[in-house]
There are 2 protein chains.
Amino acid sequence: MPNKTEALLYANENLPKFKSDLEDLVKIPSVSTDPNHTTDIRKTADWLKSKLSDLGFQETKIIETDGHPAVYGSYQVGPNAKTVLIYGHYDVQPADPIDLWKTEPFEPIIKDQRMYGRGASDMKGQIIASLAAVESMLKSGGAPVNIKYIIEGEEEIGSPNLAKALEKHADLLRCDVILNPDAGMISPTSPTIVYGLRGLAYFEIIIKGPNRDLHSGMFGGIVQNPAIVLSKLIAGMVNEDGVIQLPGYYDSVEELSLEERTELSRLPIKDEDLKEQTGAKKLHGEIGYTSVERVGARPTLDVNGMLSGFTGKGSKTIIPAWAMAKVSMRLVPHQDPKVVHQQLVTYIQNNVPDTVEWEVIQHAGGPAAITNREHPGVKALSEALEEIWHQKPFFKREGGSIPVVTEMQQIIGTESVLSGFGLPGDNIHSPNESLHIPTWEKGILALILFFYNYAGGYEN
Amino acid sequence: MPNKTEALLYANENLPKFKSDLEDLVKIPSVSTDPNHTTDIRKTADWLKSKLSDLGFQETKIIETDGHPAVYGSYQVGPNAKTVLIYGHYDVQPADPIDLWKTEPFEPIIKDQRMYGRGASDMKGQIIASLAAVESMLKSGGAPVNIKYIIEGEEEIGSPNLAKALEKHADLLRCDVILNPDAGMISPTSPTIVYGLRGLAYFEIIIKGPNRDLHSGMFGGIVQNPAIVLSKLIAGMVNEDGVIQLPGYYDSVEELSLEERTELSRLPIKDEDLKEQTGAKKLHGEIGYTSVERVGARPTLDVNGMLSGFTGKGSKTIIPAWAMAKVSMRLVPHQDPKVVHQQLVTYIQNNVPDTVEWEVIQHAGGPAAITNREHPGVKALSEALEEIWHQKPFFKREGGSIPVVTEMQQIIGTESVLSGFGLPGDNIHSPNESLHIPTWEKGILALILFFYNYAGGYEN
């Protein structure tokens, strides 16, 4: 018989073991965007499949895709029990710029209550937290619900093959609620449930000038510089007030209601803290909105990378043959990445000079998502978090993108409960990523309570 | 007794040997901007010193500087003979982007009458041409003039230590005329003497935003993107008409006289050919001037390189911590690189937002130069070129920068005769640099005639 107290005690006693599991997982450099890490990706998937088998999942499998594989597992207590599907991704961002890491990115070490390593927070730590909660229940009489896992390997490159896999295996994935622990907390004392996520539209713009790098003395004055052309295009995309200038960009963006703005203003996120967290000299963004609104509920445009010509030490006097920028936009509900693509193309057509050739390559993209805050899964998690943290969770719109949330809703027909135990200071996607161990340990206990809460009440 | 005819015959018979000398020199990757090639730089200097000794120069030495060394040599026929100082640089541009080379940059090969290799044209080929002419004379009874060499190793990085070396060794370098074969020809049938050179002011601009690369979802909307800030700054530096917008930039720029414009218009340089040479979709430059004027007699501004954030394959969703651009300007007579530096700094101060930190690093720089076309050395070379090519040489203002010409004038007090046998299609500073062998061979003969013409007449 499932025993909640025993499970909580088991978890508490086995924290060192769970940390060791996490270290094992972080050690595998599962960088999904880099073809050199294909073997590591496969190794990580195999590690997770074995883990689920060892825990006693009756069915486990590697789901092949056109890209990196996903891991599936199913633990069944009975046909009448409710089913929780846990979503995760085992892939990580590249470690570069590597020279800014103070430790080896794939050799996790614990220092000052933090585990340092690429993926420790995003999101291998979150996967292990859920596995630890599940292990604690299974070693203590079993779980009170059926549990399924789907852990993909392409989230950091925009989940290009997940939708197809979800469609193909929709039967396997049937469930009553999806737990997605890929969202974070506001602070170690503020448990958080995310009800809104931004979408993403990511592009690469290439401006092609002369047929090779030219001597800037011999040809300077007769050939337009592709890096200057690109700079002018980028410069015109956002005005001084942080308002995006692509034609029609805000047409489908809904204005926030006064009620939601009031609620968002309760979040304990101060501009001063954001300034501290980012190290920015001064915050900046779309005029007329608070920082919380600008990150969660307003669309943005950023240059993610830019390259042209000679970038080594010293000087090389050339007119570069080409210039490239990676430009991405965070989208809010009702914005369609395909429409945004067309807006970008139209903007360039209208503004690029006829002295150059150009190209826009479309990378990852997905729409934004909003979750129903009255869902039983949300309530079960909300009470679990409150019990552990002695603090009602905050409800937040997150600035990041989890395209899978929209896809799950569309394909499996189930809503996701979004939470997680990462913190703003974890440096995810940056050098020196780390996980705050005490918060993570509380998270394991909270997840055990979540499963019991969800099994015990809250009719779906 | 010096014998001109014998020297010309010797040169003609020994062309294969001279080519082999050039191959030996191109094989040493003397890239001055890259600290990894310091040994190669030294090797090249030693090679040249030995060469001069072998030819019979009575005095040869390596002149040490705070950077790469220069090579000096002196061949004396007598105190009453005139003295020609030959200037050269043995350093080369980096080979990158290396993957665009069709052959190995430092393994010269000859194909279709061209020798391919970094430095084959700029300017190891020119150095060997002069050495071949000198060798031909010395093996045929001696030279009719005293000959000195100064060959530096830092031209491609702006000759930062040459002025100091010239000052220290001004006595050694005393001469009646300087032959500088680092300028090129308009076409294989158009011998050219350059009477104007542009100056250079080269800068690196760094914009610093957040203290690390940030997740563009978590922080997009509150932190200004340094790559966008940099793009806006660059975008504002040059307007749509190719007019540079730095405050006061044109204040000291002299308008061309009608006479000079008429003369420059005689140069056989067609826009169609420039388009062909560069592969540009369309030419572009400062409104109101011809291509020849824009390259030779008008100042320009180019981005030579640009780097920010993630530039690998695929997508990485970050706000970069910083963005960098290398920006350089070609200057015309009366523009002072120091003043231009201040204009750039003022422009940034006036236009940069207070959300970022910034820095401007000054790289190479030097003023422009103009040579007197009535100098006896110019006349001696002009007639030599005409005798070999059966065509009066063209007089041209060159777009490139040879700071040493100004420095020689200032420090040694001697004017330079600027010519050379490189061609516009040689791809100097680009992948697949090459030297047109037939033109180069004519050049060797022309240089022999130059020495005899200069010895024979044209009072200084």
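Source: prediction; values computed, not measured. (Residues numbered from 1 in each chain as written. Chains lettered and ligands numbered in written order. Predicted model: local features only at pLDDT ≥ 70, side-chain atom pairs only at ≥ 80, totals over all residues. Heavy atoms only, no water.)

A. Examining the side chain of His436(A) more closely. Residue and element names in this part refer to chain A. Assignment of secondary structure puts His436 in strand S18 (residues 434-436). Engagement of the side chain of His436 in a polar contact is seen with the side chain of Thr439, the distance being 2.6 Å. Non-local contacts of His436, meaning those with residues more than four positions away in its chain, are made with Gln113, Arg114, Pro188, Leu423 and Asp426. (Helix = DSSP H or I, 4+ residues; strand = E, 2+ residues; numbered from the N terminus. Polar contact = N/O pair within 3.5 Å; in protein donor to acceptor, adjacent residues only side chain to side chain. Contact = heavy atoms within 4.5 Å.)

B. Representation of the relation of the copies chain A and chain B in the model. Rotating chain A by 180 degrees and translating it 0.0 Å along the rotation axis places it on chain B, where the RMSD comes to 0.1 Å. Viewed as a symmetry operation, the transformation between the two copies matches a two-fold axis. (Least-squares fit on C-alpha atoms with pLDDT ≥ 70 in both.)

C. Here's a closer look at the pattern of salt bridges. Under the definition given, this model contains 37 salt bridges over all chains. Between Arg114(A) and Asp426(A) there is a salt bridge, and its shortest N-O distance comes to 2.8 Å. In this pair, Arg114(A) sits in strand S5 (residues 114-116) while Asp426(A) sits in the loop between strand S17 (416-418) and S18, placing the two residues 312 residues apart along the sequence. Residues Arg114(A) and Asp426(A) agree in their burial class; the two are buried. Residue Lys19(B) is joined to Glu441(B) by a salt bridge in which the shortest nitrogen-to-oxygen separation is 3.6 Å. Of the two residues, Lys19(B) is situated in helix H2 (residues 15-26) and Glu441(B) in helix H13 (residues 437-456); the sequence distance between them amounts to 422 residues. Via salt bridges that share partners, Lys17(A), Asp21(A), Lys51(A) and Glu135(A) belong to a single interconnected network. (Salt bridge = Lys/Arg side-chain N within 4 Å of Asp/Glu carboxyl O. Buried < 20%, exposed > 50% of the residue type's maximum accessible area, 1.4 Å probe, protein only.)

D. Looking closely at the domain arrangement of chain A. Residue and element names in this part refer to chain A. Entries for chain A in the domain assignment read domain 1 (4-197 + 369-456) and domain 2 (199-253 + 299-366). Between domain 1 and domain 2, the C-alpha centre-to-centre distance is 35 Å. Between domain 1 and domain 2, roughly 500 Å² of surface is buried when both sides are summed, and carbon and sulfur atoms account for 53% of that area. When residues of domain 1 are sorted by the area they lose upon contact with domain 2, Leu197, Arg397 and Ser401 head the list and together hold 50% of the total. Taken together, domain 1 and domain 2 are joined by 0 salt bridges. Summed over the shared surface of domain 1 and domain 2, the number is 0 residue pairs in polar contact (both at pLDDT 80 or more). Among the residues forming the side of domain 1 that touches domain 2, the class breakdown is 3 nonpolar, 4 polar and 1 charged. (Domains from an automatic or database assignment. Buried area = accessible area lost by both parts, 1.4 Å probe. Nonpolar A, V, L, I, M, F, W, Y, C, P; charged D, E, K, R; others polar.)

E. Here's a closer look at unusual backbone geometry. Each neighbour pair has its own omega, and for Asp96(A) with Pro97(A) the value is 0 degrees, a cis peptide bond. If you trace the backbone, Pro97(A) turns up in the loop between strand S3 (83-89) and strand S4 (109-111). For the bond running from Asp122(A) to Met123(A), omega is -10 degrees, close enough to zero to count as cis. Checked against the element boundaries, Met123(A) lands in the loop between S5 and helix H4 (124-138). For His390(B), which is not a glycine, the phi torsion comes out positive at approximately 55 degrees. Relative to the helices and strands, His390(B) resides in the loop between helix H11 (376-389) and strand S16 (394-398). Classification of His390(B) by relative accessible area gives exposed; the value is 71%. Positive phi outside glycine occurs at Asn427(B), with the angle close to 55 degrees. By secondary structure assignment, the location of Asn427(B) is in the loop between strand S17 (416-418) and strand S18 (434-436). What makes Asn427(B) buried here is its relative accessible area of 16%.

F. Highlighting the sheet that holds strand S13 (residues 322-331) of chain A. On the basis of which strands lie adjacent, the open sheet formed by 8 strands has the order S14(A)-S9(A)-S13(A)-S11(A)-S11(B)-S13(B)-S9(B)-S14(B) and antiparallel pairing. Whereas interior strands pair on both sides, the edge strands pair on one side only; in this sheet they are strand S14 (357-366) of chain A together with strand S14 (357-366) of chain B. Adjacent strand axes in the sheet meet at a mean angle of 20 degrees when their direction is disregarded. In terms of strand pairing, strand S11 (residues 300-309) of chain A meets strand S11 (residues 300-309) of chain B through 5 bridges, oriented antiparallel. (Pairing = 2+ DSSP bridges. Axes fitted to C-alpha atoms, helices over the stretch in contact; angles between N-to-C directions.)

G. Examining the packing of helix H7 (residues 226-235) of chain A against helix H6 (residues 226-235) of chain B more closely. With their axes 8 Å apart at the nearest point, H7(A) and H6(B) run at an angle of 115 degrees to one another. Of the two elements, H7(A) crosses H6(B), and the hand of that crossing is left-handed. Contact residues: H7(A) offers Ile228(A), Ser231(A), Lys232(A), Ile234(A) and Ala235(A), while H6(B) offers Ile228(B), Ser231(B), Lys232(B), Ile234(B) and Ala235(B). Class assignment for the residues of the contact of H7(A) with H6(B) results in 6 nonpolar, 2 polar and 2 charged. (Left-handed = near helix turned anticlockwise from the far one by under 90°.)

H. Representation of the interface of chain A and chain B within the structure. Between chain A and chain B, the residue contacts involve 91 residues of the former and 91 residues of the latter. Overall, the association of chain A and chain B removes approximately 7900 Å² of surface from exposure, summing both partners, and the carbon and sulfur fraction of that is 53%. Applying the counting criterion to the chain A and chain B interface returns 3 salt bridges. Between chain A and chain B we count 52 residue pairs in polar contact (both at pLDDT 80 or more) in total. By residue number, the principal contributor to the side of chain A that touches chain B is S11(A), which donates 10 residues.

I. Spotlight on the confidence of the model for chain A. Averaged over every residue, the pLDDT of chain A is 95; residues scoring 70 or more account for 99%. Both confidence scores are given for the complex: pTM 0.75, ipTM 0.75. (pLDDT = per-residue confidence, 0-100.)

J. Broad picture of a negative patch on the surface. On the surface, Asp271(A), Glu272(A), Asp273(A) and Glu276(A) cluster together into a patch of negative charge. You can see Asp271(A) is positioned in helix H9 (residues 271-278). (Patch = residues over 30% accessible without salt bridge, like charges linked within 9 Å, V, L, I, M, F, W, Y side chains within 5 Å. Areas by Shrake-Rupley, 256 points an atom, 1.4 Å probe, with all protein chains shown as cover. Lys, Arg positive; Asp, Glu negative; His and termini not counted. Charge placed at Lys NZ, Arg CZ, Asp CG, Glu CD.)

K. Representation of the environment of Val26(A) in the model. Mapping Val26(A) onto the fold places it in helix H2 (residues 15-26). In this structure Val26(A) touches Pro105(A), Phe106(A), Pro108(A), Gly117(A), Arg118(A), Gly119(A), Ala120(A) and Lys124(A), once residues within four positions along its chain are discounted.

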